[in-house]
Amino acid sequence: MGLLGGGALIVAGMSSDEPATASVTGGPLPQSAAPRVSVKPTPTGPTAAQRAAANRAKQVKALDAALKTLGGSTPDFSVAVYDRKTGQRYAWRGTVKFDTASIVKTQILACMLLKAQDAGRQPTSAEMTLAKPMIRLSDNNATTSLYQRLGGKSAITKCNKRMGMTQTVVNSSWGLTRTTAADQIVLLESLVNPKGPLNASSRKTAFTLMNTVDKAQDWGVPVLARTGETSIVKNGWDTRSADGGLWAVNTIGRITSKDGRVDVSVAVLSHNNSNQQAGMNLVEKIAKLTRQHLRY
């Protein structure tokens, strides 16, 4: 112990290079520094789901604008799209009713298949003899025969309800049946949905017929198919005296790819076209716009 300037300095057990830890000459003891805590920054950017929703909103807005522009200079039309992979739906005037013309033949086909299922059998040869030209060639006589064989307006109406079609009004003159683009998507989904009313055999029959339509009728939705993709289709076209002889032209169908990336149903309805070809050009243009903007 040594005395210095009237104060006492106590050093015990310390080597010369160790700092002093206690002093009675310098006031209170220094406090140790608080430990540093690492704090992760709170994320401020949008989530992946939010980015996807924002991107979808942009796509829809762009498609709406394109269809609005087109609608200002063309006959009346509507369109609906359902992407089975993403579960996303799109509709432009999707609940506005239009005459079916020959796309009603897909409804009649589905009802024929459902009737056979109910009886615990496959479609008869007589039924298929009518169904094949009805779909592949859009044969009207075959359609009328099958329509009547199934029970006509009342039977098809009941069948539509079983398939979930709530916006379609069946007419005794089957081509004047009224429907919406949204309801046609419901119909198309019934042709592929394993949980729907049609069994695997019926779904396969519908696919086979709609995938092998006559070349002259292979327009409309199939224009969307790219290399490696498959399409099914049923088109409808007719003139109406109520529309001054102008044309109703419709197309419904599906586009799929083997890798499962594309699995989309599309329905485009139109009327007041100046002629059939003009209507065909219109519905194909609308279908292309949906793929361009929705990027399916």
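Residues numbered from 1 in each chain as written. Predicted model: local features only at pLDDT ≥ 70, side-chain atom pairs only at ≥ 80, totals over all residues. Heavy atoms only, no water.

Per an unreviewed UniProt entry, the chain carries the name Beta-lactamase class A catalytic domain-containing protein and comes from Actinoplanes utahensis.

A closer look at the overall build of the chain
A tally of regular secondary structure across the chain gives eight helices and nine strands. Scored against the burial criterion, the 296 residues of the chain give a buried share of 42%. In the chain, the proportion of contacts linking residues at least 24 apart, taken out of those at least 6 apart, comes to 64%. Of the roughly 16100 Å² that the chain leaves accessible, carbon and sulfur atoms contribute 53%. (Helix = DSSP H or I, 4+ residues; strand = E, 2+ residues; numbered from the N terminus. Buried < 20%, exposed > 50% of the residue type's maximum accessible area, 1.4 Å probe, protein only. Contact = heavy atoms within 4.5 Å. Areas by Shrake-Rupley, 256 points an atom, 1.4 Å probe, with all protein chains shown as cover.)

Quick word on the packing of aromatic side chains
Going through the model one piece at a time under the given rule, you end up with one aromatic pair. Judged by centre distance (5.9 Å) and plane angle (55 degrees), the ring pair of Trp219 and Trp237 falls under tilted. Taken as a pair, Trp219 in the loop between α7 (200-210) and β7 (229-239) and Trp237 in strand β7 lie far apart in primary sequence, 18 residues in all. With a relative accessible area of 22%, Trp237 lands in the partly exposed category. Over the face of the ring belonging to Tyr82 we find Arg89, whose NZ or CZ atom lies 3.9 Å from the ring centre. (Phe/Tyr/Trp six-rings, centres within 6.5 Å; stacked < 30°, edge-to-face > 60°. Lys NZ or Arg CZ within 6 Å of the ring centre and 35° of its normal.)

Brief notes about the sheet that holds β7
The five strands lie next to each other as β4-β3-β9-β8-β7, forming an open sheet whose pairing is antiparallel. Both edges of this open sheet fall to β4 (88-92) and β7, since each of them pairs with a single strand only. Averaged over all pairs of adjacent strands, the angle between strand axes in this sheet comes to 5 degrees, irrespective of strand direction. (Pairing = 2+ DSSP bridges. Axes fitted to C-alpha atoms, helices over the stretch in contact; angles between N-to-C directions.)

Focus on the pairing of strand β9 (residues 263-271)
A large share of β9 lies buried, amounting to nine of its nine residues. Burial along β9 is two-sided: the face carrying Asp263, Ser265, Ala267, Leu269 and His271 and the face carrying Val264, Val266, Val268 and Ser270 are both buried. As judged from the eight bridges shared by strand β3 (residues 76-83) and β9, these two strands associate in the antiparallel manner. The residue of β9 that forms the bridge with Val79 is Val268. Across six bridges, the pairing between strand β8 (residues 247-257) and β9 is antiparallel. Paired with Thr256 across the strands is Asp263, a residue of β9. Adjacent in sequence and paired antiparallel, β8 and β9 are bridged by five residues, among which Gly260 carries a positive phi angle near 80 degrees.

Overview of helix α8 (residues 276-294)
In this model α8 runs 27 Å from its N-terminal to its C-terminal C-alpha over 19 residues, within 8% of the 27 Å that 1.5 Å per residue would give. Buried positions along α8 lie against α1 (48-71), β3, β4, β7, β8 and β9. Residue Arg295 follows α8 closely and has a positive phi angle near 55 degrees. (Expected span 1.5 Å × (residues − 1).)

Points about the nonpolar core
Considering soluble globular proteins, one finds that nonpolar side chains tend to be buried as a cluster. Leu67 and Leu109 are the most contacted members of the largest nonpolar core, which totals 67 residues. At eight residues, the largest contribution of residues to this core is made by helix α2 (residues 104-118). (Core = buried A, V, L, I, M, F, W, Y, C linked by side-chain atoms within 4.5 Å.)

Focus: the packing of helix α3 (residues 125-136) against α7
Where α3 meets α7, the closest approach of the two axes is 9 Å, and the angle between their N-to-C directions is 45 degrees. The orientation of α3 with respect to α7, classified from their angle, is oblique. Of the residues in α7, those in contact with Met128, Ala131, Lys132, Ile135 and Arg136 of α3 are Thr205, Thr208, Leu209 and Met210. Partitioned by chemical class, the residues of the contact of α3 with α7 number five nonpolar, two polar and two charged. (Parallel < 35°, antiparallel > 145°, perpendicular 65-115°, else oblique. Nonpolar A, V, L, I, M, F, W, Y, C, P; charged D, E, K, R; others polar.)

As for unusual backbone geometry
One non-glycine residue, Asn272, lies in the positive phi region at around 70 degrees. One can find Asn272 in the loop between β9 and α8. Look at Asn272 and you get partly exposed, because its relative accessible area is 31%. Here the phi dihedral of Arg295 falls at roughly 55 degrees; this positive angle occurs in a residue that is not glycine. Relative to the assigned elements, Arg295 resides in the segment after α8. Exposure remark for Arg295: the relative accessible area of 65% places this residue in the exposed category.

Quick word on the pattern of salt bridges
Under the criterion given, the structure shown has 11 salt bridges. In this structure, the salt-bridge partner of Asp118 is Arg162, at a minimum N-O distance of 2.7 Å. Of this pair, Asp118 sits in helix α2 while Arg162 sits in helix α5 (residues 152-162), and the two are 44 residues apart along the sequence. Among the salt bridges present, the one from Glu229 reaches Arg261, with a minimum N-O distance of 3.9 Å. (Salt bridge = Lys/Arg side-chain N within 4 Å of Asp/Glu carboxyl O.)

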